[in-house]
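# Descriptive structure summary
Each chain is listed here by its residues.
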There are 2 protein chains.
Amino acid sequence: MTNLAGRTIGFIGLGLMGRPMARNLMQAGAKLVITNRSQGVIEELSKEGMTPAASPRAAAEAADIVICMLSDTPALEQVLMGQDGVFAAANLQGKLVVDMGTSKLLVTRMLAAKAQELGADYVDAPVSGGTLGAEAGNLTIMAGGSDAAFDRALPVLQVLGGKITHVGPTGAGQVAKAANQVIVGLNIGAVAEALSLAQAAGVDPGKVREALGGGFADSRILEVHGQRMVEGKFTPGARCPIQRKDMDQAMELADHLGIELPATALSRDLYDRVIAAGDGGLDHAGLIRAIRPDWPVNER
Amino acid sequence: MTNLAGRTIGFIGLGLMGRPMARNLMQAGAKLVITNRSQGVIEELSKEGMTPAASPRAAAEAADIVICMLSDTPALEQVLMGQDGVFAAANLQGKLVVDMGTSKLLVTRMLAAKAQELGADYVDAPVSGGTLGAEAGNLTIMAGGSDAAFDRALPVLQVLGGKITHVGPTGAGQVAKAANQVIVGLNIGAVAEALSLAQAAGVDPGKVREALGGGFADSRILEVHGQRMVEGKFTPGARCPIQRKDMDQAMELADHLGIELPATALSRDLYDRVIAAGDGGLDHAGLIRAIRPDWPVNER
């Protein structure tokens, strides 16, 4: 494993994803300086040897690299641009800011430009793989940024991720993540319609899922989310509103770019239908209840 | 490999798929009695040692098992129910009819009932895997029929297929195949929208496809058809009108069952759009030109 001894990393956003990521960085030898909106986790991680900072600004001042792992784009803007935010650090010149959350492309480009003005590098490096991937340190990482900035981020990314792709310049990581979420959302819809058809025709959806494995219809979604549908086990995982937000964000980007994504737009409406019916707490595989409202839910 | 020595198999429908399948059965030791609409292939296969029959009826009279591999449901009905068709065979009692084409569920159920009336077994066993799978004898086979009929068909199916699943009673194979085609068609659409978004945002679609491999967005379709889109190589493969017909057939079944498949309906319209624009000769990955009409075509 990459050795990060002697490196000081600011880590901002210690939720379900951020926590195991910060732990993995500490395990690799880095000194961690942390801030978080809620303070409970700060106490917990302080006991493990991480250093609390008074603000994102203070974390940035103490560190060479600042990693943000926040729940949404407004939270990221607040952490970077807000009062006592990272961009207010006295000595930002020469530092590296890495956003590993899923953020809007246009905001990402704006924040990266702002960082550059202040003399810092910026890499967008959103991830896929969930809390299990975060814990195992084998997240899929899609990175955008200059070659130099990416190379600089790489030793840190290698501690957190399995597959790491430098997709292109600033924002390319967020575009890849948007593409990822579009495929995931639409493929869940594909499996939902296929299994609904089978069930309505009186054929065991579990047997159909099994028959399709290994063929052209096979996918990680058929394996994992198809199985959730078959068993009616909709414990999240990622909840429907998260997937809905991702589809919405992709649509917003498409609108800005002047292209139509008809299946993505339809999928967003279907997720709305599930949420409106009171199933927003289900894993996104619960989309099948937009097609068949009486599809059994055995676990939620 | 299963040894079919001493078995006589009637094989009806010797197109791109049927031809290599018949050859594999002969290789396994079976005697092949063949008919086909066009006669050129009959001459060719006769030279290889297969026996031409005057009609489907004559093929059925000479064989224990009759395999049909026809291009569509009307052709199957004609071969089984028509004058000099399989069901007109003098000695159908105790024989086995296996339909390996992609046929409509309701017609399948009707034909199976008719076969049973005449004392014959019927198995629907549609395949996935294309001509390459047919040649290699590793097709994915989705079978419907009684346990006894399936067991009887199995030695023959084992020569033709890699993965063979007994999905359920008569028609269950066709339902699984419809589910397969729904997922394939919709997943092509998912990859098309994701790569369109990337391209419109100025990010290399090939890099995005690469970044997504191995994650939750990964699928056989992303690998194979995603690569076709990235390279603009739309040599079929399966042409758009075939995929369109499969989506239409799934919709017809859904209508009959009284369920809505909104994404499948949308996808059918998108395939219509591609075909109307003159791109019907493209592989079904050409669906991306319904989203981005200027998507480059380097091979067709």
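This report concerns the structure included in the present document. (Residues numbered from 1 in each chain as written. Chains lettered and ligands numbered in written order. Predicted model: local features only at pLDDT ≥ 70, side-chain atom pairs only at ≥ 80, totals over all residues. Heavy atoms only, no water.)

### Considerations on the overall build of chain A
Formally: To qualify as a helix, a DSSP run of H or I must reach at least 4 residues; to qualify as a strand, a run of E must reach at least 2; elements of each kind are numbered from the N terminus. In this setup the radius of gyration rests on C-alpha atoms only. A globule is expected at 2.2 Å times the number of residues raised to 0.38. Using a 1.4 Å probe on the protein chains alone, a residue whose accessible area is under 20% of its type maximum counts as buried, one over 50% counts as exposed, and one in between counts as partly exposed. Using the Shrake-Rupley algorithm and a 1.4 Å probe, accessible areas are obtained, with residue cover drawn only from the displayed protein chains.
Scanning chain A for helices and strands turns up 13 helices and nine strands. A compact globule built from 300 residues should have a C-alpha radius of gyration of about 19 Å, and chain A, at 21 Å, falls within 12% of that. Principal axes of the C-alpha set define a box for chain A whose edges measure 65 × 45 × 35 Å. Counting across all 300 residues of chain A, residues that qualify as buried make up 58%. With an accessible surface of roughly 11,100 Å², chain A has 49% of that area assigned to carbon and sulfur atoms.

### Topic: the interface of chain B and chain A
Worth spelling out the cut-off: Contacts were defined at the residue level, with two residues in contact if any of their heavy atoms lie within 4.5 Å. Put simply, buried area is the surface a 1.4 Å probe can reach on two separate parts but cannot reach once they are joined, added for both. Any Lys or Arg side-chain nitrogen located within 4 Å of an Asp or Glu carboxyl oxygen qualifies as a salt bridge. For the purposes of these results, a polar contact is taken to be a pair of N or O atoms within 3.5 Å, where, inside protein, one atom must be able to donate a hydrogen and its partner to accept one; residues adjacent in sequence count only when each atom of the pair is a side-chain atom. For this classification, Asp, Glu, Lys and Arg are treated as charged, while Ala, Val, Leu, Ile, Met, Phe, Trp, Tyr, Cys and Pro are nonpolar and the rest, including Gly, are polar.
In this assembly, 61 residues from chain B lie in contact with 61 residues from chain A. For the pair chain B and chain A, the summed buried area comes to about 5,100 Å², and 71% of that belongs to carbon and sulfur atoms. Interface area lost by chain B to chain A is led by I183(B), L197(B) and F216(B), which between them contribute 16%. Taken together, the connections running from chain B to chain A amount to zero salt bridges. In this structure, the connection of chain B to chain A is made through 14 residue pairs in polar contact (both at pLDDT 80 or more). Counting residues per element, the ones that place at least two in the side of chain B that touches chain A are α5 (105-117), β8 (139-144), β9 (161-168), α8 (172-200), α9 (205-212), α10 (220-231), α11 (240-257) and α12 (262-279) of chain B. Each residue belonging to the side of chain B that touches chain A can be placed in one class, and the counts come to 39 nonpolar, 13 polar and nine charged.

### Observations regarding the packing of aromatic side chains
Where two aromatic rings form a pair, the distance of their centres and the angle of their planes describe that pair. Under the convention used in this document: For Phe, Tyr and Trp, where Trp contributes only its six-membered ring, two rings pair if their centres lie within 6.5 Å, and the inter-plane angle classes them as stacked under 30 degrees, edge-to-face over 60, or tilted in between. We count a charge as sitting over a ring when the NZ of a lysine or the CZ of an arginine lies within 6 Å of the ring centre and within 35 degrees of the ring normal.
Tallying each qualifying case throughout the model produces zero aromatic pairs over all chains. The lysine or arginine in question, R220(A), covers the ring of F216(B), its NZ or CZ lying 4.4 Å from the ring centre.

### Some remarks on the environment of A277(A)
Residues and elements named next belong to chain A. Mapping A277 onto the fold places it in helix α12 (residues 262-279). On the accessibility criterion, A277 (58% relative accessible area) is exposed. Distance in space between the C-alpha atoms of A277 and A62 is 48 Å, their sequence separation being 215 residues.

Keep in mind these numbers describe shape, not what the thing actually does.
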